[in-house]
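Observations on chain architecture
Residue-level listing of the chains:
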Amino acid sequence: MPVPVQPVVSDDTLPAAVDVVVIGAGIAGSAAAYYLAEKGHSVALIDKGYVGGEQTSRNWGWCRQQHRDLRELPLAMKSLEMWGDLNRELDAETGFRRTGLLYVTTRPADFAQWEAWTLAARQHQMHSRILSSAEAKAMTPGSTRNWLGGVHSPGDGRAEPALAGPAFAEAARAHGATIHQNCAARGLDIATGKVAGVITERGRIRAQRVLCAGGAWTSLFCRRHGVALPQAGVRSTSFYTRAAPQITDGGLSMPEVTIRRRLDGGYTVGLGGRGLVELSPQGLLYARQFWPTLKKRWRGVTLGIGRSFFDGPESFARWSFDRVSPFERCRTLDPAADPRLVQEGLKKLAEHYPVLKGLEVEHSWGGLIDSTPDGIPVISAVDPLPGLFLSTGFTGHGFGIGPAAGRLAADIVAGDPPIVDPLPFRYSRMIDGTDLGAPGMM
Ligand SMILES: Cc1cc2nc3c(=O)[nH]c(=O)nc-3n(C[C@H](O)[C@H](O)[C@H](O)COP(=O)(O)OP(=O)(O)OC[C@H]3O[C@@H](n4cnc5c(N)ncnc54)[C@H](O)[C@@H]3O)c2cc1C
């Protein structure tokens, strides 16, 4: 079931020409559209479904620097700085609160990894606090467990996924961008080897620069133009509860279950490491690139086969620009929640916290996490096709870095000095394999 989001009204008329077309109105595209419009560029933000309809509204709402891949940490730190001022800047409620995030564990391997990460992150001036067993216990009053230890990151926080994406889109419009929902990009208009615009289901928009922020659909879109992009989707189940006793004001990660306090007093609940990877033609195409990641994480991943094999974002669909495209056949990617996982989440929560026994589930949903082989996004120009830029592959952590990722994408598209070193996010690593190791912590 789609997660209810703050609705955004579309603009009536598709512009004939703009400086930049942004494809995809998740947080990556909406934030980029906002920063581009704020810089004074004319922007059309288009989505085949609606603003925030896919991953952006389905995520857990953790905004963290903690446990970031170190290549991505400067971007995460910038983002957490930006979140603090966003409600004022966007003139909207994003739900962001700097509550801190808390991780506790009974597993020696987790704790060792957290200690190593915390030490390494100090080089970047990121200071979180490793907790002894007694300190972890003191920070989780009401819990039945004796923890081996934990880590607390006071500079991190939580926001509301249903609000933040639409807030960026509306703020982009306040700076002159136009928003077009139910408006799929069928492909790029290419002239003399360069991008000249976008062919949408409602007509053509001329633009010399196009940013594709299509989430799980980006690889399929790029493949239509001979641009290779290794990308794989992992399905997961989440749910939120009605208002419940407060055991944390922020996010709390425990073995097997993770919760985040919501503005409405309920919890968004997720089960860590319980993804489903659907076998797909695209998955087979990029199996070699993803093999190291799969080997590292295969214990938490189930393999399956589903609709995606034939018609989803990872199919080998073909289409011409004057016919209905795969993007219109699936306006909103809405995988079903697994009810067994919902029950398991409730059970684990009640085991950890008796006060949370009998929680009522308000809403459950599935989400498809788009991943890259090395677990960090591509935010970059695509050199083989001048005029095409990508912001995609956020690998399950693009919400928290959404603001800075949007700003970085806007800087790159505009040709301005980038807010952080963009090298780790370059597209070329997807092709030449440089640095394409298995992901660090996620
Ligand atoms: C269950 C779950 C939990 C998560 N938890 C967290 C978390 O706690 N913290 C965190 O930081 N991240 C989290 N994430 C990850 C985060 O949600 C994503 O990384 C982020 O939302 C990606 O944003 P996006 O804009 O790239 O993609 P999306 O939100 O998926 O947006 C892509 C958009 O592109 C549109 N589109 C695609 N193709 C076309 C086309 N051809 N034409 C027009 N439109 C098109 C789609 O309709 C869609 O709206 C989680 C993700 C999931 C699924």
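Only a predicted model underlies this, so the values are computations on that prediction, with no experimental measurement involved. (Residues numbered from 1 in each chain as written. Predicted model: local features only at pLDDT ≥ 70, side-chain atom pairs only at ≥ 80, totals over all residues. Heavy atoms only, no water.)

**So, the overall build of the protein chain**
A tally of helices and strands in the protein chain yields 13 helices and 21 strands. Viewed in the frame of its principal axes, the protein chain has a C-alpha envelope of about 65 × 45 × 45 Å. Residues counted as buried form 59% of the 442 residues belonging to the protein chain. Expressed as a percentage of contacts within the protein chain between residues at least 6 apart in sequence, the contacts between residues at least 24 apart total 76%. For the protein chain, the computed accessible surface area is about 17,400 Å², with 55% contributed by carbon and sulfur atoms. (Helix = DSSP H or I, 4+ residues; strand = E, 2+ residues; numbered from the N terminus. Buried < 20%, exposed > 50% of the residue type's maximum accessible area, 1.4 Å probe, protein only. Contact = heavy atoms within 4.5 Å. Areas by Shrake-Rupley, 256 points an atom, 1.4 Å probe, with all protein chains shown as cover.)

**Focus on the sheet that holds strand 9 (residues 185-191)**
As summarised here, the arrangement of the 3 strands in space is 9-10-11, forming an open sheet in which the pairing is antiparallel. Two strands lie at the open edges of the sheet, namely strand 9 and strand 11 (203-206), each paired on one side alone. Taking the axes of each pair of neighbouring strands and ignoring which way they run, one obtains an average angle of 30° across the sheet. Across 6 bridges, the pairing between strand 9 and strand 10 (residues 194-200) is antiparallel. Across the sheet, Ala-185 pairs through a bridge with Thr-200, a residue of strand 10. (Pairing = 2+ DSSP bridges. Axes fitted to C-alpha atoms, helices over the stretch in contact; angles between N-to-C directions.)

**Quick notes on the packing of helix 1 (residues 27-38) against helix 6 (residues 161-174)**
Here helix 1 crosses helix 6 at 25°, and the two axes come no closer than 8 Å. With respect to helix 6, the axis of helix 1 lies roughly parallel. When the axes of helix 1 and helix 6 are compared, the crossing they make is left-handed. Together, Ile-27, Ser-30, Ala-31, Ala-33, Tyr-34, Tyr-35 and Ala-37 of helix 1 and Ala-164, Gly-165, Phe-168, Ala-169, Ala-171 and Ala-172 of helix 6 make up the contact between the two elements. Residues that form the contact of helix 1 with helix 6 fall into these classes: 11 nonpolar, 2 polar and no charged. (Parallel < 35°, antiparallel > 145°, perpendicular 65-115°, else oblique. Left-handed = near helix turned anticlockwise from the far one by under 90°. Nonpolar A, V, L, I, M, F, W, Y, C, P; charged D, E, K, R; others polar.)

**Some points on the sheet that holds strand 8 (residues 178-180)**
Taken together, the 6 strands give an open sheet; going across it, the order is 8-2-1-12-21-20, and neighbouring strands pair in mixed fashion. What marks the edges here is a single partner per strand, and that holds for strand 8 and strand 20 (378-381). Each strand of the sheet is rotated relative to its neighbour by a mean of 15°, with strand direction disregarded. Relative to strand 12 (residues 209-212), strand 1 (residues 20-23) is paired through 4 bridges, and the arrangement is parallel. Bridged to Val-21 within strand 12 is Val-210.

**Quick word on the packing of aromatic side chains**
For the coordinates displayed, the defined rule picks out 11 aromatic pairs. Pairing Tyr-35 with Phe-168 gives two aromatic rings, centres 6.0 Å apart and planes at 55°, and the pair type is tilted. In this pair, Tyr-35 is assigned in helix 1 and Phe-168 in helix 6, connecting sequence segments 133 residues apart. Pair check on accessibility: Tyr-35 and Phe-168 agree, each one buried. (Phe/Tyr/Trp six-rings, centres within 6.5 Å; stacked < 30°, edge-to-face > 60°.)

**Describing unusual backbone geometry**
Even without glycine at this site, Thr-192 takes up a positive phi of about 45°. By the element assignment, Thr-192 lies in the loop between strand 9 and strand 10. In this structure, Thr-395 is a non-glycine residue whose phi angle is positive, near 55°.

**A word on the side chain of Arg-260**
Here Arg-260 is to be found in strand 15 (residues 257-261). Apart from the residues within four sequence positions on either side, Arg-260 is in contact with Trp-60, Gly-61, Trp-62, Arg-158, Ala-159, Glu-160, Pro-161, Gly-250, Gly-251, Gly-266, Tyr-267 and Thr-268.

**Describing the nonpolar core**
Among the nonpolar cores identified, the biggest contains 51 residues, and Val-22, Tyr-35, Leu-36, Leu-75, Trp-83, Phe-168 and Ile-379 are the most heavily contacted of them. For this core, the secondary-structure elements that each account for two or more residues are strand 1, helix 1, strand 2 (43-46), helix 3 (73-90), helix 6 and helix 12 (402-414). Broken down by element, this core gets its largest block of residues, 9 residues, from helix 1. In contact with Trp-83, other than residues within four places in its own chain, are Ile-27, Cys-63, Thr-94, Phe-96, Ala-159, Ala-164, Phe-399, Gly-400 and Pro-403. Core analysis: the next-biggest nonpolar cluster, separate from the first, contains 36 residues, Val-18, Ala-44, Ala-184 and Cys-212 among them. (Core = buried A, V, L, I, M, F, W, Y, C linked by side-chain atoms within 4.5 Å.)

**With respect to the site of the ligand**
What surrounds the ligand is a group of 35 residues, the closest being Asp-47, Thr-56, Trp-62, Gly-398 and Gly-400. Trp-60 places a polar main-chain atom, nitrogen or oxygen, 3.1 Å from a nitrogen atom of the ligand. The protein chains hide 98% of the 1,000 Å² of surface that the ligand would expose on its own. Secondary structure elements with two or more residues in the shell around the ligand: helix 1, helix 2 (55-58) and strand 13 (232-241). The dominant element in the shell around the ligand, judged by the number of residues it contributes, is helix 2, at 3 residues. Here the shell around the ligand is composed, by residue class, of 17 nonpolar, 14 polar and 4 charged. (Near = heavy atom within 4 Å. Polar contact = N/O pair within 3.5 Å; in protein donor to acceptor, adjacent residues only side chain to side chain.)

**A few points about the pairing of strand 16 (residues 267-270)**
Side-chain alternation along strand 16 places Tyr-267 and Val-269 on one buried face and Thr-268 and Gly-270 on a second face that is also buried. Looking at chain direction, strand 13 and strand 16 are connected through 3 bridges and run antiparallel. Residue pairing for strand 16: Phe-239 is matched across the bridge by Val-269. Judged from the 4 bridges that link them, strand 15 and strand 16 form a sheet pairing that is antiparallel. Of the residues in strand 16, the one forming a bridge with Thr-258 is Gly-270. If you look at the hairpin formed by strand 15 and strand 16, you'll find 5 residues sitting between the two strands, and Gly-265 has a positive phi there, around 90°.

**Here's the deal with the side chain of Ser-253**
Of note, Ser-253 is situated in strand 14 (residues 251-254). For Ser-253, a relative accessible area of 13% translates into the label buried. Sequence-distant contacts of Ser-253, defined by excluding residues within four places in its chain, comprise Trp-62, Leu-102, Tyr-103, Val-104 and Thr-258.

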